[in-house]
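Residues per chain, in single letters:
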Amino acid sequence: AYARRGNHVKAESLLSEMLLIYEDEGDLSCRPSIHSFASVVNALAKSRDTNAVPRAEEIIQKAEELDYISLNSYLYNSFIDCIVNSDAPDKSSKAEVVLMKMEQQQQLDVKPTEYSYSMVLTCCARSGEQGSAERAERILNNMETLYSLGQSSVVANSRCYSAVITAFARSKSPDAVSKAFQLVDRMEKNR
């Protein structure tokens with residue numbers, strides 16, 4: 001309930017208490033699940049707290065250290081949301097790093113989803129960070145490649161193309177207009 005309301009302070013406090021009781025007393029009823037960790041990261045994403053991203057990183061690191069936690073894409077998608085909602089000047093590169101980490105851990109049910117890619121592309125479009133348009137195009141190219149290799153869960157939809165077009169429109173790239181037209185053509189061909 002705290003997480004749904006974005007009350008990250010109470011959500012974090014509850015998670016800490018659960019961990020303490022489980023680790024000290026071995027009470028299985030207090031053992032946090034992956035959903036406990038993801039809920040706290042989700043609360044941090046909604047909070048707009050200036051320290052949300054580093055706090056979320058700490059929560060994820062703790063989840064990764066626990067051998068009884070089965071990581072999943074929801075945890076990392078919540079972290080990407082947290083990065084997207086932050087004011088970090090390098091947020092598109094941070095979001096891409098999380099996406100790459102997800103791609104490398106595919107055997108752990110952490111496979112990036114269409115949503116994962118879409119959020120990172122949206123982050124690139126919003127960031128205004130130098131090189132974010134090229135980063136977005138590289139990610140879109142990767143999505144198209146993965147789809148052509150049979151990963152049907154990774155479909156570059158119109159929202160993905162739109163995010164990359166927006167990233168180029170906001171960039172200072174001299175070839176932004178031609179890139180945008182090329183992307184519209186690609187989107188039409190891939191319908």
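A. Structural detail: helix α2 (residues 34-47). Here α2 is 14 residues long and its end C-alpha atoms lie 20 Å apart, about the 20 Å a rise of 1.5 Å per residue gives. With 10 of its 14 residues buried, α2 lies for the most part within the structure. Buried within α2 are the following residues: I34, S36, F37, A38, V40, V41, N42, A43, L44 and A45. Of the surrounding secondary structure, the elements contacted by the buried residues of α2 are α1 (8-25), α3 (52-65) and α4 (73-84). Just past α2, the residue R48 takes up positive phi, approximately 65°.

B. Representation of the packing of α2 against α4 within the structure. As a packed pair, α2 and α4 sit with axes 8 Å apart at the nearest point and diverge in direction by 10°. The orientation of α2 with respect to α4, classified from their angle, is roughly parallel. Between α2 and α4, the contacting residues are I34, F37, A38, V41, N42, L44 and A45 on the first element and Y74, L75, S78, F79, D81 and C82 on the second. Here the residues of the contact of α2 with α4 sort into 10 nonpolar, two polar and one charged.

Thresholds applied
- Residues numbered from 1 in each chain as written.
- Predicted model: local features only at pLDDT ≥ 70, side-chain atom pairs only at ≥ 80, totals over all residues.
- Heavy atoms only, no water.
- Helix = DSSP H or I, 4+ residues; strand = E, 2+ residues; numbered from the N terminus.
- Expected span 1.5 Å × (residues − 1).
- Buried < 20%, exposed > 50% of the residue type's maximum accessible area, 1.4 Å probe, protein only.
- Contact = heavy atoms within 4.5 Å.
- Axes fitted to C-alpha atoms, helices over the stretch in contact; angles between N-to-C directions.
- Parallel < 35°, antiparallel > 145°, perpendicular 65-115°, else oblique.
- Nonpolar A, V, L, I, M, F, W, Y, C, P; charged D, E, K, R; others polar.

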